[in-house]
Every structure is written in C-alpha cells, then in structure tokens.
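Each chain, written out:
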Amino acid sequence: MSSSDIFIGETIGTAVLILLGGGVCAAVTLKRSKAQNAGWLAITFGWGFAVLAGAYLAGGVSGAHLNPAVTIGLAIEGGTEWSDVPLYIASQMLGAAIGAVLVWLTYYGQFRAHLTDPGVVGRKGEEGMVGQAAAPEAGPVLGIFSTGPEIRHVAQNLVTEVIATVVLVLVILTQGLNDDGNGLGTLGALVTALLVVGIGLSLGGPTGYAINPARDLGPRIVHALLPLPNKGGSDWGYAWIPVVGPLIGGAIAGGLYNVAFA
C-alpha cells in the first residue's frame, strides 16, 4: 500500500476511534450529558464499538493498525515493513489528536458546565498513592482524554499495560491462522472489537487499559493545549507508562508469534 493510503487510513481511522471512545468517556463523565454515570460497562462497550468503526473504516485502506503497539507487533512478525513504521505511528498520533479535539467540540457545552460546577472544581486529586510520592493533580476531565491508574505503583501499572497489550496484539496476529492463511477479512474487525471489550472488562480496572500509545498520548497533549476552564493538570508524570507499556507489549507479542505460531 502507498504512503498516502497509510496516512489517510490511519489518520481517519484513529480519529474515529478516539472520537467514539473518548466520546463515551465524555458522555459518562460530564454533567448535563444524558449518559452521565452510565458506568464501566458503557465505557468498555463504547470503546469496543469505537474500535469496530475505526478498524472497519480503515481496514481496506491502511490495514487499520490504529495503534503503534499493533504496528510494532506486525513489524516484528514481518507483516509490516519497518520503513513504514514511522508513517504509521505519526498518522495514528495525528488522528488521535484530531479525534480528541472532535470530542471537545461535540461536548463543548457539557465541558463548560462540568468545569464551572463548584462541586467538580473543588475536588482534590488523590495524594500519597502507593509506590511513589504524591502525583501532580490530574484534572477533573483528564480521564476523558487519557488513562490513569487507580493505585499509582509504577511497576504494577507498567506490567498491567504490558500484559493487556500482549493479549491484544497476539490475538490480532493470530487471526491469520485459519485454513487459508489469509486472515479473517472484515470479520477481523469484529473479533478485535470484542477483544477490546473483553480486555476492558477483565484487565482494565487497574489502569484504564490504554493498550495504545497514540490513544493516550495524542489526547493527553490535546488536553494540555485546549482552553478548558479549571481543567487542572495533565499528569505528565504518569504519561510515559501508557506509551512504553503498550510498546513493550506489542514487541513481546510479535516475538511470541514468531516463536510459537510462525
């Protein structure tokens, strides 16, 4: 596939992924949203449907990686040229940032209502969490844009992201192990979407299951830049974990595939 195919497919596909995934987080979090307090099930299924939409949209154009960890895993497995990896990742980052801006535009009024509510703005972040000194306060809407741990423990948080991403990428890689060896085609998008729902339900509790560096870092940068009143901090001290953990997990999954399945 051409460079323009990769750029267009990954940018638009990742933007749709983040628009719908971040959108469900906004819907559940923000005041004056009809879905406020809908809960974790709504979030996990919302992200699954977001993956389904983004993957189906981009699958025939760029292969629908939509995730640097998937791109790294595929490069190690041999299905993606290493020379294409920088373009894939740059396009995914751009798409994630665009998707985050679209979430803000969609919920503009709800963001303002939430962030000017004294009951919200007056809350303090958790301090003295396990494993390190107190973290800078994360803003009250940061969870719409990026992930954060329930218990701040660097080793556990990193390992959680590694394990969850290994599951994601390894299952994606093994979709090609059918009788014809040609993958599952468009059915693969549905399998991956259901997989993301399962990861969210089973492994998402500790860290919010970033499992995608672009999904976390791109929107976190947007959170830092947007003119949101009383938005608070972007928790940059934690930001490296949902980037490094998934990249390690994707690399491990690619290696495991070559050892066990190739």
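These figures come from a predicted structure and were not determined experimentally.

Bringing the overall build of the protein chain into the picture now. Broken down by element type, the protein chain carries eleven helices and zero strands. Shown N-terminal to C-terminal, the secondary structure of the protein chain runs as helices and strands in the order α-α-α-α-α-α-α-α-α-α-α. For the protein chain, the C-alpha radius of gyration of 18 Å lies close to 18 Å, the compact-globule estimate for 262 residues. By its C-alpha atoms, the protein chain is 60 × 35 × 30 Å across when sized along the principal axes. Residue burial in the protein chain is summarised as follows: out of 262 residues, 47% are buried. A total accessible area of about 11,500 Å² is found for the protein chain, and carbon and sulfur atoms account for 65% of it. Of note, the protein chain has its 10 positive side-chain charges centred 21 Å away from the centre of its 15 negative side-chain charges.

Before going further, it helps to examine the pattern of salt bridges. Taken as a whole and assessed by the stated rule, the structure comprises three salt bridges. Of the charged contacts, one joins Asp 216 and Arg 220 as a salt bridge, the two residues approaching to 2.7 Å between their closest N and O atoms. Here Asp 216 and its partner Arg 220 are both found in helix α10 (residues 213–225), four residues apart, which amounts to about one turn of the helix. Pair check on accessibility: Asp 216 and Arg 220 agree, each one buried.

For the rest of this paragraph, the subject is the environment of Thr 106. Looking at the secondary structure, you find Thr 106 in helix α4 (residues 85–106). Distance in space between the C-alpha atoms of Thr 106 and Ser 33 is 11 Å, their sequence separation being 73 residues.

Moving on, we come to unusual backbone geometry. At Leu 66, a position not held by glycine, the phi torsion is positive, near 60°. Here Leu 66 falls in the buried class, since its relative accessible area comes to 5%. Backbone geometry places Asp 235, a non-glycine residue, at a positive phi of 55°. On the secondary structure map, Asp 235 appears in the loop between α10 and α11 (241–260).

With that settled, the discussion passes to the packing of aromatic side chains. For any pair of aromatic rings, geometry is given as the distance between the ring centres together with the angle between the planes. All told, the structure shown has five aromatic pairs when counted by the stated rule. Residues Trp 104 and Tyr 108 carry aromatic rings whose centres are separated by 5.8 Å and whose planes lie at 70° to one another, so their mutual orientation is edge-to-face. Overall, Trp 104 belongs to the buried group, its relative accessible area being 15%. Residue class for Tyr 108 comes out partly exposed when judged on its relative accessible area of 39%.

Before going further, it helps to spend a moment on the nonpolar core. Formed by 47 residues in total, the largest nonpolar core has its most connected members in Trp 47, Phe 111, Val 141, Ile 144, Phe 145 and Leu 228. The biggest single contributor to this core is helix α1 (residues 3–29), with seven residues. The residues contacting Phe 145, other than those within four sequence positions of it, are Ala 100, Phe 111, Arg 215, Asp 216, Pro 219, Arg 220, Val 222, His 223, Leu 226 and Leu 228.

Another aspect to go through is the confidence of the model for the protein chain. Confidence in the prediction for the protein chain averages 92 pLDDT; 90% of positions are at 70 or higher. Ignoring residues within four places in sequence, the model shows residues 124–134, a span with pLDDT below 50, making 14 contacts including any to other chains.

Turning next to the side chain of Thr 147. Here Thr 147 shows up in the loop between α7 (142–145) and α8 (154–173). Within the structure, the side chain of Thr 147 is placed 2.6 Å from the side chain of Asp 216, a separation counted as a polar contact. Setting aside residues up to four positions removed in sequence, Thr 147 forms contacts with Thr 207, Gly 208, Tyr 209, Ala 210, Arg 215, Asp 216, Arg 220, Tyr 238 and Pro 242.

Attention shifts here to the packing of α8 against helix α9 (residues 187–203). Running from N to C, α8 and α9 point in directions that differ by 160°, and their axes come no closer than 10 Å. As summarised for this structure, α8 and α9 are arranged roughly antiparallel, according to the angle between their axes. For α8 against α9, the interelement crossing comes out right-handed. Counted together, Thr 160, Ala 164, Val 167, Leu 168, Val 171 and Ile 172 of α8 and Thr 192, Leu 195, Val 196, Ile 199 and Leu 203 of α9 form the full contact between these two elements.

Rules and cut-offs
Residues numbered from 1 in each chain as written. Predicted model: local features only at pLDDT ≥ 70, side-chain atom pairs only at ≥ 80, totals over all residues. Heavy atoms only, no water. Helix = DSSP H or I, 4+ residues; strand = E, 2+ residues; numbered from the N terminus. Rg over C-alpha atoms; globule rule 2.2 N^0.38 Å. Buried < 20%, exposed > 50% of the residue type's maximum accessible area, 1.4 Å probe, protein only. Areas by Shrake-Rupley, 256 points an atom, 1.4 Å probe, with all protein chains shown as cover. Lys, Arg positive; Asp, Glu negative; His and termini not counted. Charge placed at Lys NZ, Arg CZ, Asp CG, Glu CD. Salt bridge = Lys/Arg side-chain N within 4 Å of Asp/Glu carboxyl O. Phe/Tyr/Trp six-rings, centres within 6.5 Å; stacked < 30°, edge-to-face > 60°. Core = buried A, V, L, I, M, F, W, Y, C linked by side-chain atoms within 4.5 Å. Contact = heavy atoms within 4.5 Å. pLDDT = per-residue confidence, 0-100. Polar contact = N/O pair within 3.5 Å; in protein donor to acceptor, adjacent residues only side chain to side chain. Axes fitted to C-alpha atoms, helices over the stretch in contact; angles between N-to-C directions. Parallel < 35°, antiparallel > 145°, perpendicular 65-115°, else oblique. Left-handed = near helix turned anticlockwise from the far one by under 90°.

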